[in-house]
Amino acid sequence: MPRTLLTLGLLLAGLTGRAQYVTLLDAAPMGDCIRLTPDEPYREGIAYSTARLDLRNPFEVEFDIYLGDKDDLGADGITFVLHNDPRGFAAAGFFGEGMGYGNIAPSVAVEFDTYQNYTRNDPAHDHVALLVNGANAHPDPWPEQAAGPNLEDDRLHSFRFRWNPADQRILVHLDGRVVCEGKKDLINAVFDGNPSVIWGFTASTGRKHNLQYFCLKRLAINSNSAPNSFAADKSAQGPAK
Ligand SMILES: [Ca+2]
Ligand SMILES: [Ca+2]
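Residues numbered from 1 in each chain as written. Chains lettered and ligands numbered in written order. Predicted model: local features only at pLDDT ≥ 70, side-chain atom pairs only at ≥ 80, totals over all residues. Heavy atoms only, no water.

1. What about the coordination of the calcium ion (ligand 2)?
Then, number 1: Looking at the calcium ion (ligand 2), the protein donor atoms are Asp-71 (OD), Asp-126 (OD), Asp-126 (OD), Asn-150 (OD1) and Glu-152 (OE), and they sit 2.1 to 2.6 Å from it.
Then, number 2: Ordering the donors of the calcium ion (ligand 2) by residue number gives the pattern D-x54-D-x23-N-x1-E.
Then, number 3: Since its relative accessible area comes to 28%, Asn-150 is described here as partly exposed.
Then, number 4: By relative accessible area, which is 1% here, Glu-152 ends up buried. (Donors = N, O, S within 2.8 Å, 3.2 Å for Na, K, Ca; no water. Buried < 20%, exposed > 50% of the residue type's maximum accessible area, 1.4 Å probe, protein only.)

2. Quick look at the packing of aromatic side chains
How two aromatic rings sit relative to each other is set out by the distance from centre to centre and by the angle between their planes.
Then, number 1: Scanning the model with the defined rule gives 17 aromatic pairs in all.
Then, number 2: With a centroid separation of 5.3 Å and an interplanar angle of 65°, the aromatic rings of Phe-80 and Phe-159 are classed as edge-to-face. Here Phe-159 lies in strand S10 (residues 156–164) and Phe-80 lies in strand S7 (residues 77–83), a separation of 79 residues in the sequence.
Then, number 3: Assessed through its relative accessible area of 0%, Phe-159 is described here as buried.
Then, number 4: Taken together, the ring pairs connect Tyr-21, Phe-59, Phe-63, Phe-80, Phe-112, Phe-159, Phe-161, Trp-199, Phe-201 and Phe-214 into an aromatic cluster. (Phe/Tyr/Trp six-rings, centres within 6.5 Å; stacked < 30°, edge-to-face > 60°. Helix = DSSP H or I, 4+ residues; strand = E, 2+ residues; numbered from the N terminus.)

3. Quick look at the coordination of the calcium ion (ligand 1)
Tetrahedral metal sites with four donors have an ideal angle of 109.5 degrees; octahedral sites with six donors have ideal angles of 90 or 180 degrees.
Then, number 1: Looking at the metal site, the calcium ion (ligand 1) is ligated by Asp-113 (OD), Asp-113 (OD), Tyr-115 (O), Asn-117 (OD1) and Asp-122 (OD), spaced 2.3 to 2.4 Å from it.
Then, number 2: The sequence motif formed by the donor residues of the calcium ion (ligand 1) is D-x1-Y-x1-N-x4-D. Per residue, the accessibility class of Asn-117 equals that of Asp-122, and both read buried.

4. Here's the deal with the environment of Val-132
Then, number 1: Turning to its location among the elements, Val-132 is positioned in strand S9 (residues 127–132).
Then, number 2: In this structure the C-alpha to C-alpha distance between Val-132 and Pro-106, which are 26 residues apart in sequence, comes to 7.4 Å.
Then, number 3: Dropping the residues within four chain positions of it, Val-132 is found in contact with Tyr-101, Ser-107, Val-108 and Lys-184. (Contact = heavy atoms within 4.5 Å.)

5. Quick word on the sheet that holds strand S3 (residues 33–37)
Then, number 1: Spatial ordering of the open sheet is given by S2-S3-S14-S6-S10-S11-S12, a layout of seven strands whose pairing is antiparallel. Either end of the sheet is taken by a strand with one partner, and the two such strands are strand S2 (28–30) and strand S12 (177–183). Averaged over all neighbouring strand pairs, the angle between strand axes comes to 25°, with direction disregarded.
Then, number 2: The pairing of S3 with strand S14 (residues 212–221) spans four bridges and is antiparallel. Pairing of Ile-34 across the sheet is with Phe-214, part of S14. (Pairing = 2+ DSSP bridges. Axes fitted to C-alpha atoms, helices over the stretch in contact; angles between N-to-C directions.)

6. Quick word on the nonpolar core
Then, number 1: By size, the foremost hydrophobic cluster in this structure holds 39 residues, and its most contacted members are Phe-63, Phe-80, Leu-82, Phe-159 and Phe-161.
Then, number 2: The contact partners of Phe-161, leaving out residues within four places of it in the chain, are Phe-59, Glu-60, Val-61, Phe-80, Leu-82, Val-110, Ile-170, Leu-171 and Val-172.
Then, number 3: By size, the runner-up hydrophobic cluster in this structure holds 13 residues, among which are Val-22, Val-81, Tyr-101 and Ile-198. (Core = buried A, V, L, I, M, F, W, Y, C linked by side-chain atoms within 4.5 Å.)

7. Focus on the state of the cysteines
Then, number 1: The full count for this structure, using the stated rule, is one disulfide.
Then, number 2: Linked covalently through their sulfurs, Cys-33 and Cys-215 form a disulfide whose S-S length is 2.1 Å. Looking along the S-S bond of the Cys-33-Cys-215 disulfide, the torsion reads about 95°, which is the right-handed sense. Of this pair, Cys-33 sits in strand S3 while Cys-215 sits in strand S14, and the two are 182 residues apart along the sequence.
Then, number 3: A relative accessible area of 15% places Cys-33 in the buried class.
Then, number 4: Exposure remark for Cys-215: the relative accessible area of 10% places this residue in the buried category. (Disulfide = S-S within 2.5 Å.)

8. Quick notes on the side chain of Thr-202
Then, number 1: Looking at where Thr-202 falls in the secondary structure, it is placed in strand S13 (residues 196–204).
Then, number 2: Within the structure, the side chain of Thr-202 is placed 2.8 Å from the side chain of Thr-79, a separation counted as a polar contact.
Then, number 3: In terms of polar contacts, Thr-202 uses its side chain to reach the backbone carbonyl oxygen of Met-99, at 2.7 Å. (Polar contact = N/O pair within 3.5 Å; in protein donor to acceptor, adjacent residues only side chain to side chain.)

That's the geometry; what it means functionally is another story.
Now the structure itself:
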């Protein structure tokens, strides 16, 4: 690992999530983590980092996520989102099947969907997928697995998101395994040429519900290619404009 990446990773790993995030709706600090939804129906919580990410730089973020302890009776899931919605740090998508992400755009997100919505072509089992522009309907029925994973197992799951602008690849790990990957010109094809994006997590519940939260483990950005952008973000006192 390059020294810059390692240094920034160590620097940031020691920070708790509390001061670094703008929280919306039902989201609230919970120790070193941020609760997105309480275990109650029809809730929605969102937390955005106050520091934007610059998509011209490679970065990797790593979190623990918790999706609850109820399988059949649990819902709806969490998304990790990068966006440039005109509502900025106040952007909140719709709840329930939208997981707090529905209609946030332009954006790219990873969904950890724990509830089957037939109108979205969701499978019966929990699933992870890349989404764009606030839409979480799958174009085709998702192939059912005989023994699909259950993320609502009362455990923390390790989530890692990596972006590399050199080859325009997104790589998503869950519990040490690659669960989805994609290749897209995010800056131009999604964000209309603007490389500076807001990032964070969204989650919601519906009629069914679960406690859902995340905890920062590591954030590493290679600032060599754009030395000013990260320094400016680090000193930000509040949401960047
Ligand atoms: Ca769903
Ligand atoms: Ca489940």
